[in-house]
Amino acid sequence: MISFKHILRSVEMNHRPIITILTDFGLRDGFVGLMKGVMLQIVPDAHIVDISHDLPSFAVSAGGFLNNWSYGYFPQGTVHLCVVDPGVGTKRRVLILETQGHLFVAPDNGLLSPLLNSTHSKKIFTATNTQFWMDKISNTFHGRDIFSPIAAHLARGIPASEMGNEIDDPVILPIFKPLQITNDSIETYIRYIDHFGNLVTNLEESVFMDWCSKNHCKNEDIVVQLPANRLHGISNAFGDKEPGKLLAVFGGFDRMEIAVSKGNAAVTTGLGIGDPITIHLIKTAKR
Amino acid sequence: MISFKHILRSVEMNHRPIITILTDFGLRDGFVGLMKGVMLQIVPDAHIVDISHDLPSFAVSAGGFLNNWSYGYFPQGTVHLCVVDPGVGTKRRVLILETQGHLFVAPDNGLLSPLLNSTHSKKIFTATNTQFWMDKISNTFHGRDIFSPIAAHLARGIPASEMGNEIDDPVILPIFKPLQITNDSIETYIRYIDHFGNLVTNLEESVFMDWCSKNHCKNEDIVVQLPANRLHGISNAFGDKEPGKLLAVFGGFDRMEIAVSKGNAAVTTGLGIGDPITIHLIKTAKR
Amino acid sequence: MISFKHILRSVEMNHRPIITILTDFGLRDGFVGLMKGVMLQIVPDAHIVDISHDLPSFAVSAGGFLNNWSYGYFPQGTVHLCVVDPGVGTKRRVLILETQGHLFVAPDNGLLSPLLNSTHSKKIFTATNTQFWMDKISNTFHGRDIFSPIAAHLARGIPASEMGNEIDDPVILPIFKPLQITNDSIETYIRYIDHFGNLVTNLEESVFMDWCSKNHCKNEDIVVQLPANRLHGISNAFGDKEPGKLLAVFGGFDRMEIAVSKGNAAVTTGLGIGDPITIHLIKTAKR
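Remember, predicted model here, so these are calculated numbers, not experimental data.

### Quick notes on the interface of chain B and chain A
Every contact between the two is made by 41 residues of chain B and, on the other side, 35 residues of chain A. Between chain B and chain A lies a buried interface of about 3400 Å² when both sides are counted; carbon and sulfur atoms form 58% of it. For R144 of chain A, the salt bridge is made with D254 of chain B, and the minimal N-O distance between the two is 3.2 Å. Seen at the junction of chain B and chain A, the total is twelve residue pairs in polar contact (both at pLDDT 80 or more). Only strand 2 (47-52), helix 2 (60-70), strand 9 (185-193) and strand 13 (246-250) of chain B provide two or more residues apiece to the side of chain B that touches chain A.

Structure (structure tokens):
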């Protein structure tokens, strides 16, 4: 996804394995610390990087979004551990996904939907081999007892195929619906709300640029239609409009966001996850 | 405490020393970052793992609970640094505790009570040798100036015995009282309240299982008595009862918790740390 | 700034490079995790230490204070990455500062003012060489796309001089004003408010001690004048006065703080950043 002109080829180096963690466990009660302890017992040289632990409880949709956004900024070979798991203690499966040179470990509850929906080649395993779990499994903390040791064993080089069988029927959530694109419009929707209240859509900048290029659109031809607001053009930065004004911008999530200059768009608009945003291409008179 | 069927023997590897940190310093003001800087000056290859920094200020009882729960998930040889220190700037001693292959550094204020109460063999030192402190000691931040360098020197292999004399009179807090167990009942109490509002007792699952086995009890024979509520049986998961209902469950803290399905038990019951919970074994008619 | 009697000379060891990070990005949305991913692609062996990510948004003054306080607790050679960047997406420059054996990367918005104001020798560069940036630069997340790769390339040994030209006109903010010292008084002001509500001034303990020594003052001769309160003497610890009472103390920030024993001085006094605090030396009758 990204390359550097001057990069050291980390895959050619004898580098430490990297594990990222994304949970809704919070940082107050030590849950994440214990997961790291379990992993360091198995792979003592790992570099463990926190993505977020402050997701709203059971926010599978938000977790899936952040995971799909973040993994590409890590080197190939990274293991991405995602535990947002309302079904902990039930029989829901534990997935390992191999795709694009990355490994993902998550409950089979739709958390990996964006990656499972993609057209990239992939292999999916259900990690049933208890040899790679902890000996004692609690009913309420599989993040520590099942997911962490699996991620650590993957990071030290155990193939996913040793941990369970390949499957082809993972859970995919409908919330992760694809864009609807025509020559005149792109229908997207709100996928994530960040802590500033910015409304982040699933429209990636590269997709938008290709569409613009194909349809010869100029910025003055673009209308962004919210349920109760209409914005003209895409802004270049949050500060491009007066404080308090709504704007559309391609931000750090690499996707179109609806923001309020020096304000909180979620509060201003009252919109939430799943609400529709449509981009229209208006052929203006002057063209 | 835990073993893995497939574990790499980290003690046989030339691995990096691990230091865990547990404080009430918060993450906003940089205090924890500075402690890490001080430690990395002394032991540059350390792996430093945060357990929690969001304890309520001066919550010695909560800190002692989390430390006693968490250490066993780390490899032997780990140094556990615990700084919840209302007496900073006074003459309270600085302790090093060696037990079960782990090292603990903490103020002598009862924070280590659960470990000091245990029957495992142990050695306790008072770390008076200023050679292992920083040169300049502030009155208000011993976490950085005294505790961190001691932990780092231990992690790089300096024996505790070089840092001060052995003692046998550490402070032990009465809040860390033992269970009262008879054939008919177990008297426990609320030891910790997590950020979900779950009321965590000091009754470990293994102790409960042994007691059940010895007294031939079935789950239908169990009554959990709260000050103003009575629960029948132990549940397997938080979702085992309808939303809003109280339940008792052995959770991720490896101890019995009182929870409210999709709710907050601390709010629902009004109970707090120290309040009693008693398990009664009721020999029902059908047996 | 600090030395240890028993320190291992980390510069003589083949140790891992250290990068510290200080931002106002919060930890909820994954921004900091992505910065770490980008850095680990370039310098896989780095030790990355969080200073704070919970600064108020765009708090350049607070960020500059924490950076100036924290860097000295890390080994020489550490790269300090500071991103509090209200001007993201504009033409503001990206600075690299070399001073006292440390490297700093920050936007040219005054964040480095305390270091730029110091009399230590220094070199300042503007990092314009896009070879050391990411290929794709967003308008809103230069922390990931520009600052992180620069810090990582510095950490792996690329000289700052390869990344851009030396400059001598960095932005310096007036808020970072120097102390006014006479034989009778020291005029300081509130530079930072920590999460306890303590009002931290820019008066360093060493400066105060030198002034006291030079002017033969005793603690009973000291008056600390706040806009609406007058304190007599400097306390040794937060607990030196009764709960609720204001006091002045040299705390963990290595500077004089105004605190309320077991209380919140910012709330009690209503004072904020920039408000003046003056120390007067009162030659009492008994002397």
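Having seen the model, we can carry on.
### Digging into the packing of aromatic side chains
Counted by the stated rule, this structure contains 36 aromatic pairs over all chains. Between the aromatic rings of F65 of chain B and F253 of chain B, the centroid separation amounts to 5.8 Å while the plane-to-plane angle is 50°, which identifies the pairing as tilted. With a gap of 188 residues between them, F65 of chain B in helix 2 and F253 of chain B in the loop between strand 13 and strand 14 (255-260) connect regions that are remote in the sequence. An identical accessibility class is assigned to F65 of chain B and F253 of chain B; each is buried. By the ring-pair criterion, three or more aromatic residues cluster together here, those being F25, F31 and F141 of chain A together with F65, W69, Y192 and F253 of chain B.

### Focus on the pattern of salt bridges
All names here are of chain B. Considering all chains together, one arrives at 30 salt bridges over all chains under this definition. Measuring nitrogen to oxygen at the nearest pair gives 2.9 Å for the salt bridge that ties D108 to R93. Of the two residues, D108 is situated in the loop between strand 5 (102-107) and helix 3 (113-117) and R93 in the loop between strand 3 (79-83) and strand 4 (94-99); the sequence distance between them amounts to 15 residues. Owing to a relative accessible area of 7%, D108 belongs among the buried residues under this scheme. With relative accessibility at 25%, the residue R93 sits in the partly exposed group.

### Overview of the packing of helix 1 (residues 31-42) of chain C against helix 4 (residues 142-155) of chain C
Residue and element names in this part refer to chain C. Two numbers describe how helix 1 lies on helix 4: the axes approach to 9 Å, and their chain directions differ by 40°. It follows that helix 1 is oblique to helix 4 by the angle criterion. For the pair helix 1 and helix 4, the sense of crossing is right-handed. Of the residues in helix 4, those in contact with L34, M35, V38, M39 and I42 of helix 1 are G143, R144, S148, P149, A151, A152 and H153.

### Comments concerning the relation of the copies chain B and chain A
Superposing chain B onto chain A requires a rotation of 120° together with a translation of 0.0 Å along the rotation axis, leaving an RMSD of 0.0 Å. Considering both components of the superposition, the chain copies are consistent with a three-fold axis. Among all residues of chain B, the one whose C-alpha sits closest to the rotation axis is H47 of chain B, at a distance of 5.1 Å. When the interface residues of chain B are mapped onto chain A, a mere 5% of them are again interface residues, pointing to distinct binding faces.

### Description of the sheet that holds strand 6 (residues 122-126) of chain C
Read from one edge of the open sheet, seven strands run 2-1-3-5-4-6-7 (chain C), paired in mixed fashion. Only two strands of the sheet have a single partner each, and these edge strands are strand 2 (47-52) and strand 7 (165-166) of chain C. Pairing between strand 3 (residues 79-83) of chain C and strand 5 (residues 102-107) of chain C: three bridges, direction parallel. Note that in strand 5 of chain C the partner of V79 of chain C across the bridge is L103 of chain C. Running at roughly 150° to strand 2 of chain C, helix 1 (residues 31-42) of chain B makes contact with strand 1 (18-23) and strand 2 of chain C of the sheet. Against the sheet, helix 4 of chain C engages strand 1, strand 3, strand 4 (94-99) and strand 5 of chain C, with an angle of about 170° to strand 3 of chain C.

### Some points on the relation of the copies chain C and chain B
In screw terms, the move from chain C to chain B is a rotation of 120° and a rise of 0.0 Å along the axis, fitting with an RMSD of 0.0 Å. Interface residue correspondence from chain C to chain B reaches only 5%, placing this contact among heterologous pairings that use different surfaces.

### Digging into the interface of chain C and chain B
Listed as interface residues are 41 residues of chain C and, on the opposing side, 37 residues of chain B. Regarding the contact of chain C and chain B, the summed buried area is about 3400 Å², with carbon and sulfur atoms giving 58% of it. Linking chain C to chain B there are twelve residue pairs in polar contact (both at pLDDT 80 or more). Counting residues per element, the side of chain C that touches chain B draws most heavily on strand 2 of chain C, at five residues. By residue class, the composition of the side of chain C that touches chain B is 22 nonpolar, twelve polar and seven charged.

### Examining unusual backbone geometry
Not every positive phi belongs to a glycine, and Q100 of chain B is a case in point at roughly 55°. Locating Q100 of chain B in the fold gives a position in the loop between strand 4 and strand 5. Note on Q100 of chain B: relative accessible area 27%, which makes it partly exposed. Non-glycine residue K262 of chain C carries a positive phi angle of around 55°. Take K262 of chain C: it is sitting in the loop between strand 14 (255-260) and helix 6 (265-269).

### Observations concerning the domain arrangement of chain A
All names here are of chain A. Domain annotation for chain A reports domain 1 (10-166) and domain 2 (180-281). Averaged C-alpha coordinates put domain 1 and domain 2 at centres separated by 31 Å. Together domain 1 and domain 2 conceal approximately 750 Å² of surface at their shared face, both sides included; 58% is due to carbon and sulfur atoms. Taken as a group, S61, F65 and W69 account for 68% of the area that domain 1 buries against domain 2, more than any other trio of residues on that side. In this structure, the connection of domain 1 to domain 2 is made through zero salt bridges. Here domain 1 and domain 2 share three residue pairs in polar contact (both at pLDDT 80 or more) between them. When grouped by side-chain class, the residues that make up the side of domain 1 that touches domain 2 number six nonpolar, three polar and no charged.

The rules behind each value
Residues numbered from 1 in each chain as written. Chains lettered and ligands numbered in written order. Predicted model: local features only at pLDDT ≥ 70, side-chain atom pairs only at ≥ 80, totals over all residues. Heavy atoms only, no water. Contact = heavy atoms within 4.5 Å. Buried area = accessible area lost by both parts, 1.4 Å probe. Salt bridge = Lys/Arg side-chain N within 4 Å of Asp/Glu carboxyl O. Polar contact = N/O pair within 3.5 Å; in protein donor to acceptor, adjacent residues only side chain to side chain. Helix = DSSP H or I, 4+ residues; strand = E, 2+ residues; numbered from the N terminus. Phe/Tyr/Trp six-rings, centres within 6.5 Å; stacked < 30°, edge-to-face > 60°. Buried < 20%, exposed > 50% of the residue type's maximum accessible area, 1.4 Å probe, protein only. Axes fitted to C-alpha atoms, helices over the stretch in contact; angles between N-to-C directions. Parallel < 35°, antiparallel > 145°, perpendicular 65-115°, else oblique. Left-handed = near helix turned anticlockwise from the far one by under 90°. Least-squares fit on C-alpha atoms with pLDDT ≥ 70 in both. Pairing = 2+ DSSP bridges. Nonpolar A, V, L, I, M, F, W, Y, C, P; charged D, E, K, R; others polar. Domains from an automatic or database assignment.

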